[in-house]
Amino acid sequence: MSLAEAHQLDNGGIKFLNEPIKADSETDVIYMMCPMHLLTLDDKVKEIRKGQVLSILTDYDGALEDIPEWCNKTGNEFLGIYEDTDHYKFFIKKVKES
Amino acid sequence: MKKIYMDHVATNPLHPEVLDAMMPYFKDNYGNPLSLYGPGFKAREAIENARESTASLINAKAKEIIFTASGAESNNFALKGIAYALQGKGKHIIVSKIEHHSVLNSARFLEKQGFVVTYLPVDNHGLVDPEAVKKAINSETILISIIHASPEIGTIQSLSEINKIAKEKGVLLHTDSVAAVGNIPVDVQALNVDLMTFAAHQFYGPKGAAALYVKEGTRIVPLIYGGIQEGGRRAGTENVPAIVGMGKAADITKRDLQKRIDHIRPLRDSIISSTLKINKVILTGHPEQRLPGHASFVVEYIEGEAMLLMLAAKGIYSASGSACSSKALKSSPVLISIGVPVHLAQGSVVFTLGEETTSEDITYFNETFPQVISRLREISPYSKGWEETEAPTCTAKK
């Protein structure tokens, strides 16, 4: 079982995707540690419009908890995670203008 | 006695305008750039302004500049950071034999970690053959690192040709431009390199401030983890005064570079033509494709260290090659790589000029240097030539 799958069980089901979603904007923080995934997410979500989708690429395992939680706190929609060969792709839909 | 500084490739004096720009950040504006109040905001703003200026000097985007503490750190960061980031793709790296120790030793370190390194030879002028790069690339190659301009022999590489090959093969190119940036125009867009190292003290900025240019979209593993400084790519509270100084030095260099080149090139040419009139003196490096303020020689029958000491006694400060080689009393690997025999490599001497060098300084130098050589040859055990001793035969041509 992968770490991502273990988190899925722990959290009662993080939404994993079989295929990546088409995103309007993509940002890559692979090899960056905490809290760069959250700071970058915060910056990049500001750059897209309401209704658009952002994908963020990271290999930081802590993001499995942090990013869905960040979406809950900020009121953005967490669409799911696509597990690539050596990193995760998180998809976030901007729900309200910031 | 006159004091003439002819070792600008080692370092440069701080430009007075740079010192003025730095001073407030030692005194009143001491805030931590991450602090969420006035002094912190001021420090943050100063760093970001310096990043814009530093990027502008090499025609990069501000977000492509990572500030570091030295050229050596930037070189380590480039090699190790890219090697670790791309090890899933391949584990082969190509460097030239005339790289700075911070590249060569990083490559050797990576060899111990399981990477494979090809050390490319250079020709007698210190140029890497682009065809040799092409032949060295294989399916495992992830990075090529070629020095832009050699501080020891002044040769400027034909990077665009090498990069064309790298791009065709999908391999990243890093260049150590420490001796180039500030001495010749450098444009990362035109060169199309992926990573570039440069240091502030080479262009009248402070020591302790340098940068690694990383092209947007290039993944790199940080050397130093910790805080979120430099976008999480280089943790540690920023050296704000030094970074501000680097930005100011970059602004001044962008403004004055052509003037500096026009000033020092004829002075450098005067040194070369005058010195080559002395018997048994050889110019090292490329005769034309070289740094504008750089003159380097090997002088037969005497040692570089002796020349440096006697020149220093006459107020002329110069170098015998790389600082590392001089201290280790070791033949310079760069000179050996360009085909200078070991016994001749001991007679290496490097003169590098700066904006404060005057034509009077060069007149004094041109009078003094032949006297120094003449005096040292009188007392040299090899004064009658290598042929009279058991030293190896000299094969270098004047």
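Residues numbered from 1 in each chain as written. Chains lettered and ligands numbered in written order. Predicted model: local features only at pLDDT ≥ 70, side-chain atom pairs only at ≥ 80, totals over all residues. Heavy atoms only, no water.

**Student:** Got a sec to walk through the interface of chain A and chain B? Specific residues and values, please.
**Tutor:** Taken together, the contact between chain A and chain B spans 11 residues of the former and 12 residues of the latter. Between chain A and chain B, a total of about 870 Å² is buried, with carbon and sulfur atoms accounting for 65% of that surface. For chain A, the biggest contributors to the area lost against chain B are Tyr31, Met32 and Met36 of chain A; these three give 59% of the whole. In this assembly, chain A and chain B are joined by three residue pairs in polar contact (both at pLDDT 80 or more). Taken together, the residues of the side of chain A that touches chain B break down into nine nonpolar, one polar and one charged. (Contact = heavy atoms within 4.5 Å. Buried area = accessible area lost by both parts, 1.4 Å probe. Polar contact = N/O pair within 3.5 Å; in protein donor to acceptor, adjacent residues only side chain to side chain. Nonpolar A, V, L, I, M, F, W, Y, C, P; charged D, E, K, R; others polar.)

**Student:** I'd like to hear about the side chain of Thr275 of chain B, residue by residue, with values.
**Tutor:** Residues and elements named next belong to chain B. Note on placement: Thr275 falls in helix H8 (residues 240–275). Only 2.8 Å separates the side chain of Thr275 from the backbone oxygen of Ile271, close enough to count as a polar contact. Once you skip the residues sitting within four places of it in the chain, Thr275 turns out to touch Val281, Phe297, Phe365 and Phe369. (Helix = DSSP H or I, 4+ residues; strand = E, 2+ residues; numbered from the N terminus.)

**Student:** How would you sum up unusual backbone geometry? Please name residues and give values.
**Tutor:** Look at the link from Cys34 of chain A to Pro35 of chain A: it is a cis peptide, with omega at 5°. Within the chain, Glu230 of chain B stands out as a residue other than glycine whose phi angle is a positive 55°. Here Glu230 of chain B lies in the loop between strand S8 (210–214) and H8.

**Student:** Could you give me a rundown of the packing of helix H9 (residues 304–313) of chain B against helix H13 (residues 359–379) of chain B, with the residues and numbers involved?
**Tutor:** Residue and element names in this part refer to chain B. Where H9 meets H13, the closest approach of the two axes is 10 Å, and the angle between their N-to-C directions is 130°. Viewed along their axes, H9 and H13 adopt a mutual orientation that is oblique. Read as a crossing pair, H9 and H13 show a hand that is right-handed. Mapping the contact onto sequence places Ala306, Met307, Met310 and Leu311 in H9 and Phe369, Val372, Arg375 and Leu376 in H13. Of the residues in the contact of H9 with H13, the class split is seven nonpolar, no polar and one charged. (Axes fitted to C-alpha atoms, helices over the stretch in contact; angles between N-to-C directions. Parallel < 35°, antiparallel > 145°, perpendicular 65-115°, else oblique. Left-handed = near helix turned anticlockwise from the far one by under 90°.)

**Student:** I'd like a rundown of the packing of aromatic side chains, residues and numbers included.
**Tutor:** Residues and elements named next belong to chain B. Tallied over the entire structure, the rule returns seven aromatic pairs over all chains. Between Phe365 and Phe369, the ring centres sit 5.3 Å apart and the planes meet at 25°, which makes this aromatic pair stacked. With a gap of four residues between them, Phe365 and Phe369 both fall in helix H13, about one helical turn apart. Taken together, the ring pairs connect Phe297, Phe351, Phe365 and Phe369 into an aromatic cluster. Taking NZ or CZ as reference, Lys80 lies 4.8 Å from the ring centre of Phe109, over its face. Above the ring of Phe115, the side-chain terminus of Lys91 is found at 4.9 Å from the ring centroid. (Phe/Tyr/Trp six-rings, centres within 6.5 Å; stacked < 30°, edge-to-face > 60°. Lys NZ or Arg CZ within 6 Å of the ring centre and 35° of its normal.)

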